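# Coordinate analysis (summary)
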Amino acid sequence: MLRAVRYPAFAVAMLAVSIAHADPEAETAALLQRWAAAFNAGDVEQMLPLYAPDATLLGTGSPEMLSKEEGVRSYFARPFKRKYQVRMGGTVTTRLADRVLVVIGDFEFVGTRGDGSDFVTPSRYTFVLAKQGAEWRIVHHHSSPRPRPLH
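Attention here is on the structure that accompanies the text. Counting restarts for each chain: residues are numbered from 1 in the order of the written sequence. Two thresholds apply to this predicted model, a pLDDT of at least 70 for residue-level local features and 80 or more for giving and counting side-chain atom pairs, whereas whole-chain, interface and lining totals are computed over all residues. The side-chain figures draw on all heavy atoms in the structure; neither hydrogens nor water molecules are used.

### Considering helix 2 (residues 24–41)
To keep it simple, the criterion reads: Put simply, DSSP marks the helices as runs of H or I at least four residues long and the strands as runs of E at least two long, and each gets a number from the N terminus on. How far a helix is expected to stretch is found by multiplying one less than its residue total by 1.5 Å.
Over its 18 residues, helix 2 extends 25 Å from the first C-alpha to the last, a length consistent with the 26 Å expected when each residue adds 1.5 Å. Of the residues flanking the end of helix 2, it is Gly42, one or two places downstream, whose phi is positive at about 65°.

### Some remarks on the nonpolar core
Here is the rule we go by: We call a set of buried Ala, Val, Leu, Ile, Met, Phe, Trp, Tyr and Cys residues a nonpolar core when their side-chain atoms join them within 4.5 Å. When a residue's accessible area, from a 1.4 Å probe over protein chains only, is under 20% of the maximum for its type it is buried; when over 50% it is exposed; and in between it is partly exposed. Whether two residues are in contact is decided by their heavy atoms, any of which lying within 4.5 Å being enough.
In terms of nonpolar packing, the biggest core is built from 31 residues, with Trp35, Phe39, Met47, Tyr51, Phe76, Phe127 and Ile138 touching the most fellow members. Those elements that provide at least two residues to this core are helix 2, helix 3 (44–47), strand 1 (51–58), helix 4 (68–81), strand 4 (100–112), strand 5 (118–132) and strand 6 (135–145). Not counting residues up to four positions away in its chain, the partners in contact with Ile138 are Leu31, Trp35, Leu50, Tyr51, Ala52, Ala55, Phe127, Val128 and Leu129.

### Some details on the layout of surface pockets
Rules: A cavity, in this analysis, means grid points on a 1 Å lattice covering only the protein atoms where a 1.4 Å probe fits yet has no way out; a pocket is instead an open set bounded by protein on both sides within 12 Å along at least five of seven lines, and a residue lines either one if it has an atom within 4 Å of a point. Grid points are joined across faces, edges and corners, and a volume is the space filled by probe spheres set on the points. Throughout, the ten residues Ala, Val, Leu, Ile, Met, Phe, Trp, Tyr, Cys and Pro are labelled nonpolar, Asp, Glu, Lys and Arg are labelled charged, and all others, Gly among them, are labelled polar.
Looking at the largest pocket, its volume works out to about 330 Å³. Surrounding the largest pocket, 14 residues form its lining, Thr60, Gly61, Tyr75, Arg78 and Tyr84 being those nearest its centre. For the lining of the largest pocket, the elements supplying multiple residues, two or more each, are helix 4 and strand 5. Across the lining of the largest pocket, the residue classes break down as 8 nonpolar, 5 polar and 1 charged.

### A closer look at the pairing of strand 4
The line we're drawing: In this scheme, strands are said to pair when DSSP sees at least two bridges between them.
Judged from the 10 bridges that link them, strand 3 (residues 85–97) and strand 4 form a sheet pairing that is antiparallel. Its bridge partner lying in strand 4, Thr91 is registered against Gly105. Counted between consecutive antiparallel strands, the loop separating strand 3 from strand 4 contains 2 residues. Strand direction decides the pairing type here: strand 4 and strand 5, joined by 13 bridges, are antiparallel. Paired with Val102 across the bridge in strand 5 is Val128.

### Looking at the sheet that holds strand 1
How we decide: Angles run from 0 to 180 degrees between N-to-C directions of axes, and those axes are lines fitted to C-alpha atoms, restricted for helices to the stretch in contact.
Pairing in this open sheet of 6 strands is mixed, and the strands run 2-1-6-5-4-3 from one edge to the other. The open sheet has two edge strands with one neighbour each: strand 2 (66–67) and strand 3. As paired strands, strand 1 and strand 6 are joined by 4 bridges and run parallel to one another. The residue bridging Leu57 from the neighbouring strand is His141, located in strand 6. Its contacts with the sheet put helix 2 on strand 1, strand 3, strand 4, strand 5 and strand 6, and the angle it makes with strand 3 is roughly 150°. Its contacts with the sheet place helix 4 against strand 1, strand 2 and strand 6, and it is angled at close to 50° to strand 1.

### Some words on the packing of aromatic side chains
Counted only if it meets this: Two aromatic rings from Phe, Tyr or Trp, using only the six-membered ring of Trp, form a pair when their centres are within 6.5 Å; if the ring planes differ by under 30 degrees the pair is stacked, by over 60 it is edge-to-face, and anything between is tilted.
Under the criterion given, the structure shown has 14 aromatic pairs. Each ring, one from Tyr51 and one from Phe76, has its centre 6.2 Å from the other, and the planes form 55°; the classification is tilted. Here Tyr51 is found in strand 1, whereas its partner Phe76 is found in helix 4, with 25 residues between them in sequence. Comparing Tyr51 with Phe76 shows no difference in burial state: the two are buried. Ring centres of Phe76 and Phe80 lie 5.4 Å apart, and the angle between their planes is 20°; this geometry places the pair in the stacked category. Of this pair, Phe76 and Phe80 both sit in helix 4, 4 residues apart, which is roughly one turn of that helix. For Phe80, a relative accessible area of 10% puts it in the buried group. By the ring-pair criterion, three or more aromatic residues cluster together here, those being Trp35, Phe39, Tyr51, Tyr75, Phe76, Phe80, Phe107, Phe109, Tyr125 and Phe127.

Any link to function would need more than the numbers given here.
Below, the structure is given as structure tokens:
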């Protein structure tokens, strides 16, 4: 025999509020961790679902703006083929709206050039993230080499 379980209205309301106001900064930090893991695995199939279908991308090594799945796929083909790695640095998250965040930060790309020499490219990024349905997605990604300080 099943017995109905009753929850006080206050407890149900508090649960609904906590679900509705999940920590977007924690959710987006998890998205960036998945992004770095997919990059380091060289797995474009893990990378693609992190981007919105109509995402735009201005990549560190791209002379042009790319968009949509085919642009994201083509952009990551080169570093994935060469097994580059990324080391994530600090981030700052700014909420633009309930479902839109801008995350900026720095990272380093490391790898081996065709001549066998190792490299480190200090870079910086901006991700514009939007919550689409239940998931945060990258709607715009811009990264560029970090310039040397001006003296």
